Each structure stands twice: as C-alpha cells, then as structure tokens.
Amino acid sequence: MGDVAMTVPVLRALVLLYPEVKITVVSRPFFQPFFDGIPNVNFFGVDLNKRHKGFLGLLRLFSDLRKLNIDLVADLHNVLRSKVVRTLFALSGKKVAATNKGRAEKKALTSLTNKVFAPVKSMVERHVDTFKQLGFLVDLSSRSVGTQFPEKANLSEKILSITGTKNQNWIGIAPFAQYESKVYPFDLMQEVIDGLAENRDQKIFLFGGGEKEIQLLNQLQNQHDNVIVLAGKLKFKQELEVISNLDAMLSMDSGNAHMAAMLGVKVITLWGATHPFAGFKPFNQPDDFCLTSDRVQYPLLPTSIYGNKKVEGYEDVMRTILPEKIVFSIQSQLADKTEH
C-alpha cells in the first residue's frame, strides 16, 4: 500500500509539468482511489484472481494494455510480474524503464556487521529517476510543482454522521503495521491517546482493519468521547476523504503514513526495527517528524527494511520512544499550524 502511495506525488508533479502526457496506472483495483482526481491519469485494474492470474494471465494483461496504444512503460514496482510485462513491451519495441530499489544500499544499512548507517535515496526520488530515463524531468523540490496536493475532500452526510462536524483539530492515529517490530507497544499507545484526548479542542480518529484490530482500537478509545474508532465503519475511499481533512496523522512506518503524506497532511511517524534512512520516509515530511528508537541503546538499528526480520534482544526498541515525546511532537505541529 505504501509503495503505491509513494508514486502519487511523482505522478501529480509529472502531469503538471507535462500536461500533454496521458498516464495509465496499472495496479490492483483497491488502489484506484489514490489516483482519483489527478488530471490525465487513467486507472487500469489488474485482475490477479482470474483474467490476469499466472503467466498466461500476464500475457493477457500485456495484450489488454497494448490496446491502449501505450508509448512508454515505467515499471515503478520492479517485481517478477511487472518485469514480465515490461519485457514484453520492450520486445515489442517500446521504451521501458524500471525503478532501481537500491537493494545493495539497503542491505548495507540493515546489516548486523559492518553496517553503513547512512540515508539511501528515497523511493519517491527513485521514481523520479525512472521517469528521467523516459525523458521526463520531474522536480519535486519546486514548491509550485512538487508539493501540489489535492483540496481537502468535502465530507458526505454519511461520513459526518460518524465524525461529526469539524470544529476541532482532527488527529488521525494508525497504531498498527504489517509486522510486530514496527508496532508501538499497546500500553504506551494508550498513554499517547489518553494524553491527546485531554485536550478538548482535539478529536482523535483511530484507523485500522479486521476484527482483531477493531477490538484493540475499542480498548484504546477508553471511553473518551473525543476519540472515535473509524475502523469498520467507512469504505476505503471514505477513509481517504477523512484523512485529507486531518490536521495531523500519527502512524507507524506503514501505508497509512504514506496515504496521509500524499494528501498533504502532516505525518508523525514512529520507527522500531526500521528507519527513515531506508528511503521510506513519508513524502514532504521533515526529519524531526520521524521519531526513531534509541540507537545508543540499540546500535544495530535499523535491523530490517520492512520490519519482517527479528533480532534477539531488540523486541522492545520502541519503548525508547516516550509517549510524552509523541504527544509533544503532535501538539507542537498543531500549535505551529495555529500560529500560521
């Protein structure tokens, strides 16, 4: 999810600089809402369960895409499936380019011996390089281009019946991630939510999915009337509309961080086994929005790019990120917003 969300700022900048270019995004249908409203961007949903399943399915996908008269192919995913399709396009005479994921640099960053603790190029910048190979110069540093974000969504009556009218600062919290090593401890997250809920000028929305997560979110809600569990109540597109109206989002190193960032929301991220140096810092967010675990106490950090690797003795690294520091960081950003 985060990988797809990180392509959005690049495509927004590209169509602004090259309004004559038409883009077809090829991805799972679930991700279509990410690209709604971007000029000259069409979406092609891949049917990986039936029509486009397996190798024969990839041949059908190539055939389906050829009918769209595509001139150039940018493979922003660079996995086996996308490699097959881009190779077929290359063999048919089309110019193709693929995102270099920097696997060697990331391996050095997470190595437990001879670690090279230095930032690698971000995935967003790598996507910019991919389009450069195709002849498109995308400058994300320009405030007039690189930081163009959509307008805040107008919330429907259905959404407002759950969120209420916005007359406070809205804070989103997404306390889960795909891997346990990226999830802030439950008891400390409770302290964070209780601390934020003390301020009656704030409303907190909890994001997640699945029955188990909803049960945990209901516990975190802790009977605060200004804390609302959104999980299970809205469709994905509606959740994105709520996120676009947030004043700040607190997230793990997860897809929610990148979704909020692509919509221009301030995102405070918490990092456990992973680290923003690996290139997955949310787009357009300053370094001090990334709260990382203590490398003095845990010098082998980061131990993983995606959080899927466990290192003995490093189970509690996120406990070095104090709840009061998280609350202070969020409140500081909201105060800064008010002053401006």
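Data block above holds the structure.
On a predicted model such as this, the values are computed, not experimentally measured, just so you know.

Enquirer: So what's going on with the overall build of the protein? Residues and values would help.
Expert: The secondary structure content of the protein amounts to 12 helices and 10 strands. Judged by the C-alpha coordinates and their principal axes, the protein covers about 60 × 55 × 40 Å. By residue count, 53% of the 340 residues in the protein fall in the buried class. Within the protein, counting contacts between residues at least 6 apart in sequence, those at least 24 apart form 63% of the total. Just so you have it, the protein exposes about 17000 Å², and 51% of that area is on carbon and sulfur atoms. Separation of charge centres in the protein, based on 41 positive and 35 negative side chains, amounts to 10 Å.

Enquirer: Outline the nonpolar core, supporting the account with residue identities and numerical values.
Expert: Among the nonpolar cores identified, the biggest contains 58 residues, and Phe34, Phe35 and Phe207 are the most heavily contacted of them. Element by element, the count of residues in this core is highest for helix α2 (residues 8–17), at six residues. With 36 residues, the next largest nonpolar core counts Leu220, Val227, Phe289 and Leu291 among its residues.

Enquirer: Would you mind going over helix α4 (residues 80–91) in detail, with residue names and values included?
Expert: Compared with an ideal rise of 1.5 Å per residue, which puts 12 residues at 16 Å, α4 spans 16 Å between its outermost C-alpha atoms and is within 8% of the ideal. Taken together, the buried positions of α4 are occupied by Ser82, Val84, Val85, Arg86, Leu88 and Phe89. Next to the buried residues of α4 lie α3 (54–66), β3 (72–75) and β4 (95–98). Downstream of α4 by one or two residues, Gly93 has phi in the positive range, about 100°.

Enquirer: Describe the sheet that holds strand β6 (residues 202–206), and please don't skip the residues or the numbers.
Expert: Taken together, the six strands give an open sheet; going across it, the order is β7-β6-β5-β8-β9-β10, and neighbouring strands pair in parallel fashion. Each edge of the sheet is formed by a strand with only one pairing partner; in this case those strands are β7 (227–229) and β10 (290–292). Shown here is a sheet whose adjacent strand axes are inclined to one another by a mean of 20°, direction ignored.

Enquirer: Explain the packing of aromatic side chains to me, using residue names and the numbers behind them.
Expert: Scanning the entire structure with this criterion turns up 13 aromatic pairs. Taking the centre distance of 5.7 Å and the plane angle of 50° together, the rings of Phe34 and Phe236 count as tilted. Separated by 202 residues along the polypeptide, Phe34 in the loop between β1 (23–27) and β2 (41–45) and Phe236 in helix α10 (residues 236–244) bring together distant segments of the chain. Judged by its relative accessible area of 16%, Phe236 falls in the buried class. By the ring-pair criterion, three or more aromatic residues cluster together here, those being Phe30, Phe31, Phe34, Phe35, Phe43 and Phe236.

Enquirer: Give me the lowdown on the pairing of β6, citing residues and values where you can.
Expert: Burial of β6 is extensive: five of the five residues sit out of reach of the surface. Neither face of β6 is exposed, since Gln202, Ile204 and Leu206 on one face and Lys203 and Phe205 on the opposite face are all buried. In terms of strand pairing, strand β5 (residues 169–174) meets β6 through five bridges, oriented parallel. The residue of β6 that forms the bridge with Asn169 is Gln202. With helix α8 (residues 186–197) bridging β5 and the parallel β6, this β-α-β connection has right-handed handedness. Summarising the sheet, β6 and β7 pair through three bridges and their orientation is parallel. Paired with Phe205 across the strands is Ile228, a residue of β7. For the segment spanning β6, helix α9 (residues 211–221) and β7, crossover handedness is right-handed.

Enquirer: Account for the packing of α2 against helix α6 (residues 123–133), naming residues and giving values.
Expert: In contact at an axis separation of 9 Å, α2 and α6 are set at 40° when each is read in the N-to-C sense. One way to sum up the angle between α2 and α6 is to call them oblique. Our pair here, α2 against α6, has a crossing hand that is right-handed. Residues Val10, Leu11 and Leu14 of α2 form the contact with α6, whose own contacting residues are Val124, His127, Val128 and Phe131. Taken together, the residues of the contact of α2 with α6 break down into six nonpolar, one polar and no charged.

Rules used in this analysis
Residues numbered from 1 in each chain as written. Predicted model: local features only at pLDDT ≥ 70, side-chain atom pairs only at ≥ 80, totals over all residues. Heavy atoms only, no water. Helix = DSSP H or I, 4+ residues; strand = E, 2+ residues; numbered from the N terminus. Buried < 20%, exposed > 50% of the residue type's maximum accessible area, 1.4 Å probe, protein only. Contact = heavy atoms within 4.5 Å. Areas by Shrake-Rupley, 256 points an atom, 1.4 Å probe, with all protein chains shown as cover. Lys, Arg positive; Asp, Glu negative; His and termini not counted. Charge placed at Lys NZ, Arg CZ, Asp CG, Glu CD. Core = buried A, V, L, I, M, F, W, Y, C linked by side-chain atoms within 4.5 Å. Expected span 1.5 Å × (residues − 1). Pairing = 2+ DSSP bridges. Axes fitted to C-alpha atoms, helices over the stretch in contact; angles between N-to-C directions. Phe/Tyr/Trp six-rings, centres within 6.5 Å; stacked < 30°, edge-to-face > 60°. Right-handed = clockwise from strand over helix to strand, strands pointing away. Parallel < 35°, antiparallel > 145°, perpendicular 65-115°, else oblique. Left-handed = near helix turned anticlockwise from the far one by under 90°. Nonpolar A, V, L, I, M, F, W, Y, C, P; charged D, E, K, R; others polar.

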